[in-house]
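Chain by chain, the residues:
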Amino acid sequence: MSHIALLGCGLMGQPMARRLLAAGHTLVAWNRTRAKAEALLPDGASVADSPAEAVSQADIVIAMLQDGDAVREVLFDLGSASAARTLRPGTLFIDMGSILPEQARDHATRLNAAGVMALDAPVSGGTLGAEAGTLAIMAGGQAEDFERAREVLSVLGRPVHVGPTGSGQLTKLANQMIVGITIGAVAEALLLAERGGADPAKVREALRGGFAESRILEVHGLRMVEGDFAKRGSLAIQLKDLRNAMHTAGGMQMQAPITEALTSLYAQAFERGFGELDQSGLYCELKRRQP
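The structure reproduced in this document is the subject of the present report.

Here is what the cut-offs are and how they apply
Residues numbered from 1 in each chain as written. Predicted model: local features only at pLDDT ≥ 70, side-chain atom pairs only at ≥ 80, totals over all residues. Heavy atoms only, no water. Helix = DSSP H or I, 4+ residues; strand = E, 2+ residues; numbered from the N terminus. Rg over C-alpha atoms; globule rule 2.2 N^0.38 Å. Buried < 20%, exposed > 50% of the residue type's maximum accessible area, 1.4 Å probe, protein only. Areas by Shrake-Rupley, 256 points an atom, 1.4 Å probe, with all protein chains shown as cover. Lys, Arg positive; Asp, Glu negative; His and termini not counted. Charge placed at Lys NZ, Arg CZ, Asp CG, Glu CD. Pairing = 2+ DSSP bridges. Right-handed = clockwise from strand over helix to strand, strands pointing away. Salt bridge = Lys/Arg side-chain N within 4 Å of Asp/Glu carboxyl O. Core = buried A, V, L, I, M, F, W, Y, C linked by side-chain atoms within 4.5 Å. Contact = heavy atoms within 4.5 Å. Patch = residues over 30% accessible without salt bridge, like charges linked within 9 Å, V, L, I, M, F, W, Y side chains within 5 Å. Polar contact = N/O pair within 3.5 Å; in protein donor to acceptor, adjacent residues only side chain to side chain.

Structural notes on the overall build of the chain
When helices and strands are tallied, the chain shows 13 helices and 9 strands. On C-alpha atoms alone, the chain measures out to a radius of gyration of 20 Å, which is about the 19 Å that the 2.2 N^0.38 rule sets for 291 residues. Structurally, the chain occupies a C-alpha span of about 65 × 45 × 35 Å along its principal axes. The buried share of the chain, reckoned over its 291 residues, is 51%. Summed over its atoms, the accessible surface of the chain is roughly 13,100 Å², and 53% of this surface lies on carbon and sulfur atoms. Across the chain, the centroid of the 28 positively charged side chains sits 3 Å from that of the 32 negatively charged ones.

So, in structure tokens, the structure goes:
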């Protein structure tokens, strides 16, 4: 079993930690808001006062932080509390949050120079997938590092090695493009049905199993029908990921007009105060626009 350090104990980090602990791994947790790490004490975790303390004895470090800037800060920019100060050569660092591919490559280069191995392995599946251990895990990096991580990652979901460093984050951006666009399509379609006099719940039921079937229609469509927009993922994070996709596409001189249009819609929803809703809360912005 591995000695794991977890950096980031939020909506996704906590259920992931509980699965790792239940599988018999030793886990030290750190979170900027200490209470979130302390919530894992009853499950058998230890709590560290700093990233440096958390990773000092770890074989594997998992980061589940909000964005690339947060990862850079925790790794390199906290002075004596920085994780990179105490990471031992041979440690495997796995970034499972969603950041820019270029940031993942930069972090890996800096860590490799100190003898630390690195994977970028973002996930999809939300809190439900984290709790059930069914996350889609998209890993970029060296094949041998992926094989070393496979046992731990398999506790959390279905890991797939998609290519060299940065490829995991690139795959996550592709995922978030599909998710964000499909949420918009489902929301608009259900509003059309409702406005025309059909029962949106029955419309969703009728569409299941046809070509419009999707995990988004199943899960987020139900939230729209029930008006349940409690945060599992968040609209603000969805917007961040779409902006990262547009930034990356721009760097490749690639046009992405559909993603661009949905990014604008999510941005307007955020500006209207819907940022702390689940990402299916885009429905609220689209409904607000109706006369």
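Some words on the pairing of strand 2 (residues 26-30)
Summarising burial for strand 2: 4 of the 5 residues are buried, a large majority. Pairing analysis gives 5 bridges linking strand 1 (residues 3-7) to strand 2, with the strands arranged parallel. The residue of strand 2 that forms the bridge with isoleucine 4 is leucine 27. For the segment spanning strand 1, helix 1 (residues 13-22) and strand 2, crossover handedness is right-handed.

Some remarks on the pattern of salt bridges
All told, the structure shown has 18 salt bridges when counted by the stated rule. Of the charged contacts in the structure, one is a salt bridge between arginine 288 and glutamate 285, with a shortest N-O distance of 2.8 Å. Linking arginine 288 with glutamate 285, this pair stays in helix 13 (residues 282-288), spanning 3 residues, or about one helical turn. By relative accessible area, arginine 288 is classed as partly exposed at 37%. Through salt bridges that share partners, Arg34, Glu38 and Asp49 make up one connected network.

Examining the nonpolar core
Core analysis: the biggest nonpolar cluster contains 33 residues, and Met16, Leu20, Leu27, Ile62, Ile94, Met96 and Ile137 have the highest contact counts within it. Elements supplying a minimum of two residues to this core: strand 1, helix 1, strand 2, strand 4 (60-63), strand 5 (92-95), strand 8 (135-140) and helix 7 (143-156). No other element matches helix 7, which puts 6 residues into this core. Setting aside its immediate chain neighbours within four residues, methionine 96 contacts Met16, Ile62, Ala63, Met64, Ala121, Pro122, Val123, Ile137, Leu153 and Leu156. Counting 25 residues, the second-largest nonpolar core is a separate cluster that includes Leu65, Val71, Phe76 and Leu87.

Comments concerning a nonpolar patch on the surface
The grouping of Leu170, Met252 and Met254 at the surface amounts to a nonpolar patch, some 290 Å² of accessible area in total. When you line up the elements, methionine 254 lands in the loop between helix 11 (235-251) and helix 12 (257-274).

Overview of the side chain of serine 98
Its place among the elements puts serine 98 in the loop between strand 5 and helix 5 (101-113). Within the structure, serine 98 has its side chain in polar contact with the side chain of lysine 172 (distance 2.7 Å). Setting aside residues up to four positions removed in sequence, serine 98 forms contacts with Gln66, Asp67, Pro122, Gln169, Lys172, Lys240 and Asp241.

So, the environment of glycine 24
Mapped onto the fold, glycine 24 is located in the loop between helix 1 and strand 2. Residue glycine 24 is classed as partly exposed on the basis of its relative accessible area of 43%.

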